[in-house]
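The chain contents come next:
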Amino acid sequence: MALASRYPDVEIPDVSVPEFVLAAGRDKPDAPALIDGLRGDVITHGQLAAYVDRVAAALHARGLRKGDVVAMFCPNTPWYPVVFHGIAAAGCVMSPINSLYTPDEIAFQLRDSGAKILITVSPFLDRALAAVEKAPVGEIVVMDGAEGHASLVDLLSTDAPSAQVDFDPADDLVTLPYSSGTTGLPKGVMLTHRNLVANVAQCRPLIQLGADERIIAVLPFFHIYGLTVLMNQGLAWGGAVVTLPRFDLEDFLRTIQDHKITRAFVAPPIVLALAKHPLVDQYDLSSLTSVLSGAAPLDEQLALAAEKRLRKGADSGVTVAQGYGMTELSPVSHTTPDLGAEPPGAAPGSVPKGSVGFAVPNSECRLVDPATGEDAAPGTRGELWVRGPNVMKGYLNNPTATADTIDADGWLHTGDVAVVDENGCYTVVDRVKELIKYKGYQVAPAELEAVLIGHPEIADAAVIGVPDEESGEELPKAFVVRAPGSTLTQDAVIEYMAGKVAPHKKIRIVEFIEAVPKSAAGKILRKDLRAAG
Ligand code: 4UW
């Protein structure tokens, strides 16, 4: 049975992402759009629109056209949104690369996405150059400049004519982030202009950002949560987005205080710091009205503790609550509304703390018993399926994985298990897919298994996530079958992997086994490994 959103449908304008997101700023060209949280540099809404036009023109002048992929390998700065919207306004597709990636991981994405240009920053240039040796691109642009490379200043100072692009928002891709989805290796998630425009519009009735709000952007723009919720939602209603290049608790707290941040969209480790770290008391955080956490489960008691602490002394009504999303959903499917923005008939503050809130407008959900494929009985758990205008177009060059994830009726199977209460509030209670989340980042077991098997002394391997009581994190654990005669140690396996993958994907526990349990079809029986510990 399809459960419709409790919110009335919203209009989804049939326009490109830059046209939609930059519209609000046209009425307030001198107001800040982007602020560097550390340096204080400001880009106004008027400058943003002008710069976006120049970046698009420079890309067109290089011969790039609709559908061409441009990869971005950059930390959060005020220039990231300029470049993203410039790429989008040129009709090109921005593929965001995780800042922590190793050259091998970067090369995989460049090759798989077919990126024509790589845009990076000078501190990342060594890794970028090592990656393009394996997966060549036409050009590397270094935003802040480097010998022999075009810089952002070069792009902005082009006198080429503005790019003229005839958009078909429902069909044209705007971004290509990578996700492992429910199984297998990372895949390019094809998100259209309409997907991203829809998702910002769908959040509007729940998260009612005012034109004078300030959003702190510490979560990375290279993750779809940062791209849609922090950057695009933050700009679309005329507010200002204050960027930080990485999470450092003192910088984060000082930026909230000094820039009078009103909203923080974060992940659970930041809520943990807000609840527990002594430094928090040294800053005036009273400008905050809302802290929303997502990307991994947030403990209910932790949310309550953070909320209590932030309210103390500040006489503020700040709320700490949760949203839920997935790259393949652009990403928001559920979130906790602002107080007073509950759907018709629901009482203010009626979202339980452990819940991820209501389904966004224009969407429907189902909770399905994975064993039977039937709808779960009311009030009982089932796999969450979502249908709506924010569901991806599919996985790049992978019709099989697409068909395994989006069924013939358009339902996207999330691989997460949820329950819904009588008010229509959803709570995520489990995950039935392979994916591991470490500090909100994706860790795909299949990817780590492939790297492990690349070791000459490893005959076979399987990876699962195991809960760590102390940190509340899931830790990637490898079950390793040694090659005959090998004396490989646990530490040697950990060290080998640390040299090959980004820090969040490191194997943290190793157990040697005789054979990896597999089904007759050769699928790793992860639940047997889980049961064995
Ligand atoms: N509780 C439990 C949660 C939760 C969760 C996500 O890397 P991806 O593909 O995407 C994300 C997106 C997170 C997000 C988007 C919009 C938003 O508003 C918000 O909260 C404010 C968060 O992480 O990983 C998707 C997977 O991450 C898990 C879940 O398994 C999902 O399929 N996940 N949010 N609140 N688990």
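Quick caveat: nothing in here was measured; it's all calculated off a predicted structure. (Residues numbered from 1 in each chain as written. Predicted model: local features only at pLDDT ≥ 70, side-chain atom pairs only at ≥ 80, totals over all residues. Heavy atoms only, no water.)

### Examining the overall build of the chain
Rules: Secondary structure elements are taken from DSSP: a helix is a run of H or I of four residues or more, a strand is a run of E of two residues or more, and numbering for both begins at the N terminus. Throughout, radius of gyration means the C-alpha value; the globule benchmark is 2.2 Å times the number of residues raised to the power 0.38. Surface accessibility follows the Shrake-Rupley procedure with a 1.4 Å probe radius. Residue values consider only the protein chains on display as shielding.
Looking only at helices and strands, the chain features 15 helices and 27 strands. Its C-alpha atoms give the chain a radius of gyration of 23 Å, within 12% of the compact-globule value 24 Å for 533 residues. For the C-alpha atoms alone, the extent of the chain along its principal axes is close to 70 × 60 × 50 Å. Just so you have it, the chain exposes about 21,200 Å², and 51% of that area is on carbon and sulfur atoms.

### Points about the environment of Val-480
Put simply, the rule is: Note on classification: 1.4 Å probe, protein chains only; a residue is buried when its accessible area is under 20% of the maximum for its type, exposed when over 50%, partly exposed between these limits.
Relative to the helices and strands, Val-480 resides in strand S26 (residues 474-482). Val-480 sits in the buried class, given a relative accessible area of 0%. Note: C-alpha distance between Val-480 and Asp-68 (412 residues apart in sequence) is 41 Å.

### Here we look at the site of the ligand
Stated precisely, the cut-off is as follows: Here, proximity means that at least one heavy atom of the residue falls within 4 Å of the molecule or strand. Between N or O atoms, a polar contact is any pair within 3.5 Å; within protein, one atom must be a potential hydrogen donor and the other a potential acceptor, and residues adjacent in sequence are included only when both atoms are from side chains.
Taken together, 23 residues lie near the ligand, and His-223, Thr-327, Asp-416, Lys-433 and Lys-437 sit nearest. Between Arg-431 and the ligand, the recorded distance is 2.9 Å, taken from a side-chain N or O atom to an oxygen atom. Between the ligand and the protein, one listed contact pairs an oxygen atom with a side-chain N or O atom of Lys-437 at 2.7 Å. Protein chains shield 99% of the accessible area of the ligand, which is 690 Å² for the free molecule.

### Description of the UniProt feature "domain: AMP-binding enzyme C-terminal" (unreviewed entry) in the chain
Filter applied, for reference: UniProt positions are given in the numbering used here, feature names are shortened, and annotations may be inferred rather than shown by experiment.
As recorded in UniProt, the sites labelled "domain: AMP-binding enzyme C-terminal" (unreviewed entry) are residues 447-523. Secondary structure within residues 447-523 divides into 21% helix and 30% strand; the distance between the first and last C-alpha atoms comes to 15 Å.

### Some thoughts on the domain arrangement of the chain
We apply this condition: As annotated, the domain borders come from an automatic or database domain assignment.
When its domains are assigned, the chain resolves into domain 1 (17-335), domain 2 (363-389 + 396-431) and domain 3 (436-532). Look at where the C-alpha atoms of domain 2 and domain 3 centre, and you get two points 28 Å apart.

### Things to note about helix H7 (residues 193-203)
Let me state the cut-off plainly: Whether two residues are in contact is decided by their heavy atoms: any pair within 4.5 Å suffices.
Taking burial as the measure, the 11 residues of H7 include 10 buried ones, the bulk of the element. Along H7, the positions that sit buried rather than exposed are His-193, Asn-195, Leu-196, Val-197, Ala-198, Asn-199, Val-200, Ala-201, Gln-202 and Cys-203. In this structure, the buried side of H7 is in contact with helix H1 (17-21), helix H3 (79-89), strand S8 (173-175), strand S10 (187-192), helix H8 (224-236) and strand S16 (332-335).

### Comments concerning the sheet that holds strand S27 (residues 509-512)
Short version of the rule: Strands were regarded as paired on the criterion that DSSP finds at least two bridges between them. To get an axis, fit a line to the C-alpha atoms, keeping to the stretch in contact for a helix; angles then go from 0 to 180 degrees between the N-to-C directions.
As summarised here, the arrangement of the three strands in space is S25-S26-S27, forming an open sheet in which the pairing is mixed. Of all the strands in the sheet, just strand S25 (458-467) and S27 have a single pairing partner and so form its edges. Put simply, the sheet's adjacent strands are angled 25 degrees from each other on average, direction ignored. Its contacts with the sheet place helix H13 (residues 445-453) against S25 and S26, and it is angled at close to 145 degrees to S25. Contacts from helix H14 (residues 490-498) reach S26 and S27, with the element oriented near 130 degrees to S27.

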